[in-house]
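In case you want the letters, here they are:
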Amino acid sequence: MARGLERPDEVPPLDSSALKLFLQTINFPIAGVICESDAGLEFAEQLSCAIAELQPTLKHNNFNPARRDKFLLNQLLAKHNIPTVRQLLIRDENELIEALSVMKLPFILKPTHGVGSNNVHLCKTKHSVLSTFPKIKAANKWGTFNSPNDAVLVQEMAVGTEYAVDCVSKNGEHKLIAVWEYEKTDNGVGPFAYRRTGLLDDCAAAREIADYTFACLDALEVKWGMTHSEVIRDNQNPGGGMKIVEVNCRQHNAATGAICQICLACNALDAVIWSYLDSEEWDELPVYNINLKQHGCVVHFQCLVDGVVKSVNGIEEIEAMESVLEMEVYESFGVGEVVKKTLTIMNDAGWAVLIGEKDVVERDYRRIVELMSEMFETEEEMEM
């Protein structure tokens, strides 16, 4: 049922001969390669390896598919005695029936590669498992257009609060740039609809989360660059048990850099440049850079209805709030647009950045949540 750890002896070659030719024309030193999004993670590692052949001083992490494949990730961490969720890799319905006999419901079904809880399902019954499996199997692999998933990942449901952990590494020395606490709701497929991503202040829990993440980075042989990881911590467990969700060798959402700069006087992009250039700023950066100067969060607007948008409500009140720095409702949720209920971050309706004193940010956030219940007024879509 479970496959072995797959790691190629050689880096998959780059397909573009034009790119290889371009690399040969570079006559200046390159410090490192920075990846911005999930879709570019594999290519960024391939590109780094290709550049390193011409410039051996390039700072990079070589090639490791376990940094992108969630099954391989957990399998590798388990070999390093790092706590992980129980998991099985399922290729067909016979293996799925077998999984139902050994894995306790509820559990998670999801692709091995993915982003933003896309195609992730919390299955509570045998019927939901059997109906969800073929949908995930038939869906295209993340970042492809005509390549269905060859297997589906079954994982136990990790209990606790989910955190995003943003780090920067310099030759294996890891530093914590920020910890973000996720607040999510269940709008139909599981607790995957983001509602708030908020900075966590310095505390024992934040440092434990960081240390767990550092251990994961070491197991994955991440020595350089930015990482954005997600960890679930059981805050009700006295031992504070933790489980990894994913590790991404990229920056967090682009908006988080400005929030971190205001609230923490540092951001991952600056820190990675300091690490590449071996600057004094890196040496002065604390290992746990999470002492908040101000509190900050991103509020994710949820659409709670289906249909054609008749009106968008509450926007002027939100814009006038004391802690709201900036905000946006996506054009795809404007009047006249056909919308669906927000299930994951892949179809949220917009965002607002809140920064200020803790009580002010919390007050404004709670009011936004109230407004969200009637933010989008819709009517049924007319059949043509």
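Once a new chain begins, its residue numbering starts again from 1 and follows that chain's sequence as written. Owing to the predicted nature of the model, reporting of local features is limited to residues with pLDDT of at least 70; listing and counting of side-chain atom pairs is limited to 80 or more, with chain, interface and lining totals taken over all residues. By convention in this description, side-chain values take in all heavy atoms of the structure and omit both hydrogens and water.

Explain the packing of aromatic side chains residue by residue, including any values.
Pairing of aromatic side chains here covers Phe, Tyr and the six-membered ring of Trp, requires ring centres within 6.5 Å, and sorts the geometry by plane angle: under 30 degrees stacked, over 60 edge-to-face, intermediate tilted. Within this structure, the stated rule accounts for 4 aromatic pairs. Relative to Y194, the ring of Y182 lies with its centre 4.9 Å away and its plane at 70 degrees, an arrangement referred to as edge-to-face. Taken together, the residues Y182 in strand β6 (residues 173–185) and Y194 in strand β7 (residues 193–199) connect sequence positions 12 residues apart. Here Y182 falls in the buried class, since its relative accessible area comes to 8%. Ring centres of F214 and Y288 lie 6.4 Å apart, and the angle between their planes is 25 degrees; this geometry places the pair in the stacked category. Labels follow the DSSP assignment, with helices taken as runs of H or I lasting at least four residues and strands as runs of E lasting at least two, numbered in each case from the N terminus. The buried label goes to any residue with under 20% of its type's maximum accessible area, the exposed label to any with over 50%, and the partly exposed label to all in between, with areas taken from a 1.4 Å probe on protein chains only.

Would you mind going over helix α6 (residues 204–219) in detail, with residue names and values included?
Each full turn of the α-helix corresponds to 3.6 residues, which orients residues three or four apart in the same direction. Any helix carries an expected span of 1.5 Å times its number of residues minus one. Helix length check: α6, at 16 residues, gives a terminal C-alpha distance of 23 Å against a target of 22 Å (1.5 Å per residue), a fit within 8%. Each element contacted by the buried residues of α6 is listed here: α3 (70–79), β5 (161–170), β6, β8 (225–233) and β9 (242–248). Following α6 by one or two positions, E221 adopts a phi angle in the positive range, close to 60 degrees. Here a residue-residue contact requires only that any non-hydrogen atoms of the pair lie within 4.5 Å.

So what's going on with the pairing of strand β14 (residues 350–356)? Residues and values would help.
Counting buried positions along β14 gives 6 out of 7 residues, so the element sits mostly inside the fold. In this scheme, strands are said to pair when DSSP sees at least two bridges between them. Where strand β10 (residues 295–301) lies against β14, 7 bridges are found, and the strand directions are antiparallel. Across the sheet, residue H295 finds its bridge partner in β14, namely G356. Sheet topology note: the strand β12 (residues 324–329)/β14 ladder contains 5 bridges and is antiparallel.

Which residues make up the layout of surface pockets, and what are the values?
Only protein atoms enter the 1 Å grid used here, on which a cavity is any set of points holding a 1.4 Å probe that cannot leave and a pocket is any open set flanked by protein within 12 Å on both sides along at least five of seven lines; residues with an atom within 4 Å of a point are listed as lining. Grid points are joined across faces, edges and corners, and a volume is the space filled by probe spheres set on the points. Here the second largest pocket defines a volume of roughly 650 Å³. In this structure, the second largest pocket is lined by 29 residues; those nearest its centre are E42, R68, D69, H113 and W142. Broken down by secondary-structure element, the contributors of at least two residues to the lining of the second largest pocket are α2 (41–54), α3 and β9. It is α2 that provides the largest number of residues to the lining of the second largest pocket, a total of 4 residues. Considered class by class, the residues forming the lining of the second largest pocket number 10 nonpolar, 8 polar and 11 charged. Residues are sorted three ways: Asp, Glu, Lys and Arg are charged, Ala, Val, Leu, Ile, Met, Phe, Trp, Tyr, Cys and Pro are nonpolar, and all the rest, Gly among them, are polar.

Can you break down unusual backbone geometry residue by residue, with the values?
The step from L105 to P106 runs through a cis peptide bond, and the omega angle for that step is 0 degrees. Residue placement: P106 occurs in the loop between α4 (93–102) and β2 (107–110). A positive phi angle, near 50 degrees, is found at N171, a position not held by glycine. One can find N171 in the loop between β5 and β6. You can call N171 exposed: its relative accessible area is 54%. Despite not being glycine, E221 shows a phi value in the positive range, around 60 degrees.

I'd like to hear about empty space enclosed by the protein, residue by residue, with values.
Taken as a whole and judged by the stated rule, the model has 2 cavities of 30 Å³ or more. Taken as a whole, the largest cavity spans an internal volume of roughly 220 Å³. For the lining of the largest cavity, the secondary structure elements donating two or more residues are α2, β8 and α8 (268–277). A total of 4 residues in the lining of the largest cavity trace back to one element, the largest contributor, which is α2. Along the lines of polarity and charge, the residues of the lining of the largest cavity split into 10 nonpolar, 6 polar and 3 charged. Size it by volume and the second largest cavity reaches roughly 130 Å³. When contributions to the lining of the second largest cavity are tallied by element, the ones reaching two or more residues are β5, β8, α7 (255–264) and α8. At 3 residues, α7 tops the list of elements feeding residues into the lining of the second largest cavity.

Just give me the short version of the nonpolar core, but keep the residues and values in it.
Within the largest apolar cluster, 35 residues are counted, with the highest numbers of intra-cluster contacts made by L77, L176, Y212, L220, V231 and I244. Per-element accounting of this core gives the leading share, 8 residues, to α6. Discounting chain neighbours no more than four positions away, the residues touching I244 are L73, N74, L77, P83, Y212, C216, E230 and V231. Throughout, nonpolar core names a set of buried Ala, Val, Leu, Ile, Met, Phe, Trp, Tyr and Cys residues whose side chains join them through atoms within 4.5 Å. Judged by nonpolar contacts, the second largest core, of 23 residues, contains C297, V299, L354 and F376.

So, the packing of helix α1 (residues 17–25) against α2: which residues are in play, and what are the values?
Closest axis-to-axis distance for the α1/α2 pair is 10 Å, and the angle between their directions is 45 degrees. In terms of orientation, α1 and α2 fall into the oblique class. In this structure, the crossing between α1 and α2 has a hand that is right-handed. Together, L19, L23 and Q24 of α1 and F43, L47, A50, I51 and L54 of α2 make up the contact between the two elements. Of the residues in the contact of α1 with α2, the class split is 7 nonpolar, 1 polar and no charged. Between the N-to-C directions of two axes lies an angle of 0 to 180 degrees, each axis being a line fitted to C-alpha atoms and, for a helix, fitted only over the stretch in contact. Under this scheme an angle from 65 to 115 degrees is roughly perpendicular, one under 35 degrees roughly parallel, and one over 145 degrees roughly antiparallel; angles in between are oblique. In this scheme the crossing of two helices becomes right-handed for a clockwise turn of the near helix relative to the far one and left-handed for an anticlockwise turn of less than a right angle.

An account of the sheet that holds β6 is needed here, citing residue identities and associated values.
Ordered in space as β9-β8-β5-β6-β7-β10-β14-β12, the 8 strands form an open sheet in which the pairing is antiparallel. On the outer flanks of this sheet lie β9 and β12, each paired with one strand and no other. Across the sheet, the mean angle separating the axes of adjacent strands is 20 degrees when strand polarity is ignored. As judged from the 6 bridges shared by β6 and β7, these two strands associate in the antiparallel manner. Residue pairing for β7: T185 is matched across the bridge by A193. Docked against the sheet, α6 engages β5, β6, β8 and β9, running at close to 120 degrees with respect to β8.

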